[in-house]
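Structure assessment
Below, each chain spelled out in residue letters.
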Amino acid sequence: MSAGRSSFGLRFDWIGLLFACLLTLFIALPLIVVGTWAFTEVWRYPSVIPQQFGLRFWGQTLARPDVWDALFLSLRLTTTVTILSAVICLPAAYAFARMRFPGRNVLFLSFLASHAFPKFGLLVAIAGIFLQLGLISTFWGVVLIQLVGTLMLMIWIPVAAFQNVDRRMEEAARDAGATPLRVFWSITLPQAAPTISAALLLTFVGTFYETEGAWLIGAPEIRTMPVLMISFINNQIVVQYGAVLSVMLWVPSFIALMFARRVIGTGAFARGFGA
């Protein structure tokens, strides 16, 4: 019996390894192709590898004024959305983590609502409302639509951070005569700060690369970096322009996500859900 179980487990391991390899191939292959195009000057069919590598298209891409306009606009949008999200969501996250009030669980799970339905359909419905309010093709219209997409991250992860604070240290500080505000600033916030910082970083990265809302609400006046990249690819201006922008967008996000993963750990979402 044990030999049969061992054989079954071995087959299961090989199947899992096969699926992992296939998944890695499907994810990594497009990234490799895009990265190769970014450093390619000549690549003609039917050649499997480029005939000439170089940095000529990096210079041409970075010399375009619309690239820098899109970059600075994206940074302005992302900074504004992240600050507003922190101001709105962090007090709410503290309340969900530390207080008990009627409808608490329903309200907490309601932040999933924007992710429980097809996103593009929801954006179209919101676009109809924004059209009546004169927010289409405006900076603040894009800010509002991107702000909606930050709610889940900026509620769930900080809730887990506040719940994970050592209550004994807070009680000891109160016993020593510290005021509630002093306890929060000296005990609670320093312990929760690393995870909250990671949530802010994830929000910043996710907002910077958000495309659907920026395109649907912002076009044609508001063109962020991802929207500009898509226009390069769709209009077939120069395929290397889109590839260069893809690499420029991918590398910072990868570094930021690796940092956030180390700070948050795998249990943050589970602890937040269990609030």
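Predicted model only: the values in this text are computed from it and were never measured.

Scanning the protein chain from terminus to terminus reveals 13 helices and 2 strands. Taking all 275 residues of the protein chain together, the buried fraction comes to 37%. Considering only residue pairs separated by 6 or more positions, the protein chain has 72% of its internal contacts joining residues 24 or more positions apart. As displayed, the protein chain offers around 16300 Å² of accessible surface, 71% of which is attributable to carbon and sulfur atoms.

One way to put it is that helix H3 (residues 65–98) packs onto helix H7 (residues 139–163) with a least axis distance of 6 Å and a crossing angle of 40°. When the axis of H3 is compared with that of H7, the two are oblique. With respect to the hand of their crossing, H3 and H7 are arranged in right-handed fashion. Among the residues forming the contact of H3 with H7, the class breakdown is 24 nonpolar, 5 polar and 2 charged.

Enumeration over the complete set of coordinates arrives at 11 aromatic pairs. Plain terms: the ring middles of Phe162 and Phe184 are 6.5 Å apart, the flat faces sit at 35° to each other, and that makes the pair tilted. Of the two residues, Phe162 is situated in helix H7 and Phe184 in helix H9 (residues 180–208); the sequence distance between them amounts to 22 residues. Under the relative-accessibility criterion, Phe162 is labelled buried at 3%. Ring geometry for Phe232 and Tyr241: centres 5.8 Å apart, planes at 55°, overall tilted.

Glancing now at the pattern of salt bridges. Evaluation of the coordinates by the stated rule reveals 4 salt bridges. Measuring nitrogen to oxygen at the nearest pair gives 3.8 Å for the salt bridge that ties Glu41 to Arg56. Here the residue Glu41 occupies a position in strand E1 (residues 40–42), and Arg56 occupies one in helix H2 (residues 56–62), the gap between them amounting to 15 residues.

With that settled, consider the side chain of Thr207. Secondary-structure assignment places Thr207 in helix H9. Not counting residues within four places of it along the chain, the set of residues in contact with Thr207 comprises Thr78, Val81, Gln146 and Thr150.

Working note: non-glycine residues mostly have negative phi, and peptide bonds are mostly trans. Cis geometry is adopted by the peptide bond preceding Pro220, which originates at Ala219 and carries an omega value of 0°. Within the secondary structure, Pro220 sits in the loop between helix H10 (212–218) and helix H11 (225–234). Not every positive phi belongs to a glycine, and Ser137 is a case in point at roughly 60°. With respect to the element layout, Ser137 can be found in the loop between helix H6 (119–133) and H7.

Attention now goes to the UniProt feature "transmembrane region" (unreviewed entry) in the protein chain. UniProt tags residues 12–39, 70–94, 106–133, 139–162, 183–209 and 238–260 as "transmembrane region" (unreviewed entry). Helix makes up 100% of residues 70–94 and strand 0%, whereas the separation of the span's terminal C-alpha atoms amounts to 35 Å. Here residues 139–162 runs as 100% helix and 0% strand, with 33 Å between its end C-alpha atoms.

Parameters and conventions
Residues numbered from 1 in each chain as written. Predicted model: local features only at pLDDT ≥ 70, side-chain atom pairs only at ≥ 80, totals over all residues. Heavy atoms only, no water. Helix = DSSP H or I, 4+ residues; strand = E, 2+ residues; numbered from the N terminus. Buried < 20%, exposed > 50% of the residue type's maximum accessible area, 1.4 Å probe, protein only. Contact = heavy atoms within 4.5 Å. Areas by Shrake-Rupley, 256 points an atom, 1.4 Å probe, with all protein chains shown as cover. Axes fitted to C-alpha atoms, helices over the stretch in contact; angles between N-to-C directions. Parallel < 35°, antiparallel > 145°, perpendicular 65-115°, else oblique. Left-handed = near helix turned anticlockwise from the far one by under 90°. Nonpolar A, V, L, I, M, F, W, Y, C, P; charged D, E, K, R; others polar. Phe/Tyr/Trp six-rings, centres within 6.5 Å; stacked < 30°, edge-to-face > 60°. Salt bridge = Lys/Arg side-chain N within 4 Å of Asp/Glu carboxyl O. UniProt positions renumbered as here; feature names shortened; annotations may be inferred.

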